[in-house]
Amino acid sequence: MAERCELYDRECIDCGECDLCDLDPSKHCDDCGRCIEEPEDYRSITVEDFFKQNVTKEQLKRMEKKLLERQAEIEEKQKG
């Protein structure tokens, strides 16, 4: 199945219009983000930051224990 056009209701015809800068149509989009009205909606977070902010030490200990148990199960299956 052909890809859909991101700008128009049709199949993609590889015209490249979706790759043009919204602020300067003579320029190829370089994802600078200046055209986004509220850039904080598009910010990202790393997994490490998420864990630091949302996971307690007790939860980390339980996850680590389960991970080690699971790893031991896998090793046992591989041996036998």
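Use the structure listed above.
I will try to describe carefully the structure that is included in this document. (Residues numbered from 1 in each chain as written. Predicted model: local features only at pLDDT ≥ 70, side-chain atom pairs only at ≥ 80, totals over all residues. Heavy atoms only, no water.)

1. Considering the pattern of salt bridges
Using the following cut-off: When a carboxyl oxygen of Asp or Glu lies within 4 Å of a side-chain nitrogen of Lys or Arg, that pair is called a salt bridge. Helix and strand definitions follow DSSP, with helices as H or I runs of at least four residues and strands as E runs of at least two, each counted in order from the N terminus.
Per the stated rule, a full pass over the model turns up 3 salt bridges. As a salt-bridge pair, glutamate 73 and arginine 70 come within 3.3 Å of each other at their nearest N and O atoms. Of this pair, glutamate 73 and arginine 70 both sit in helix H2 (residues 57-79), 3 residues apart, which is roughly one turn of the helix.

2. With respect to the layout of surface pockets
For clarity, the threshold we go by: Cavities and pockets are found on a 1 Å grid laid over the protein atoms alone: a cavity is a set of points where a 1.4 Å probe fits but cannot escape, a pocket is an open set with protein on both sides within 12 Å along at least five of seven lines, and a lining residue has an atom within 4 Å of such a point. Grid points are joined across faces, edges and corners, and a volume is the space filled by probe spheres set on the points. Think of it as three bins: nonpolar holds Ala, Val, Leu, Ile, Met, Phe, Trp, Tyr, Cys and Pro, charged holds Asp, Glu, Lys and Arg, and polar takes everything else, Gly as well.
Approximately 300 Å³ is the volume found for the largest pocket. Class assignment for the residues of the lining of the largest pocket results in 10 nonpolar, 1 polar and 6 charged.

3. Observations concerning the environment of glutamate 38
To be explicit about the condition: Exposure classes here rest on a 1.4 Å probe applied to the protein chains alone. A residue is buried below 20% of its type maximum, exposed above 50%, and partly exposed in between.
Relative to the elements of secondary structure, glutamate 38 occurs in the segment before helix H1 (47-54). The class of glutamate 38 is partly exposed, set by a relative accessible area of 45%. Separated by 25 residues in sequence, glutamate 38 and methionine 63 place their C-alpha atoms 36 Å apart.

4. Looking at H2
Residues three or four positions apart in an α-helix share a direction because the helix packs 3.6 residues into each turn. Note the threshold: By definition here, a helix of n residues has an expected span of 1.5 Å times n minus one.
Taking 1.5 Å per residue as the helical rise, H2 with its 23 residues ought to reach 33 Å, and the 33 Å between its terminal C-alpha atoms agrees with that figure. Counting buried positions along H2 gives 0 out of 23 residues, so the element sits mostly on the surface.

5. Considering the state of the cysteines
Stated precisely, the cut-off is as follows: Disulfides are defined as cysteine sulfur pairs within 2.5 Å.
This structure, assessed with the given rule, holds 0 disulfides. Residue cysteine 21 stays outside any disulfide, its sulfur separated by 5.9 Å from that of cysteine 32, the closest cysteine. Summary of cysteine pairing: cysteine 35 is not part of a disulfide, and the nearest cysteine sulfur, belonging to cysteine 32, is at 6.2 Å.

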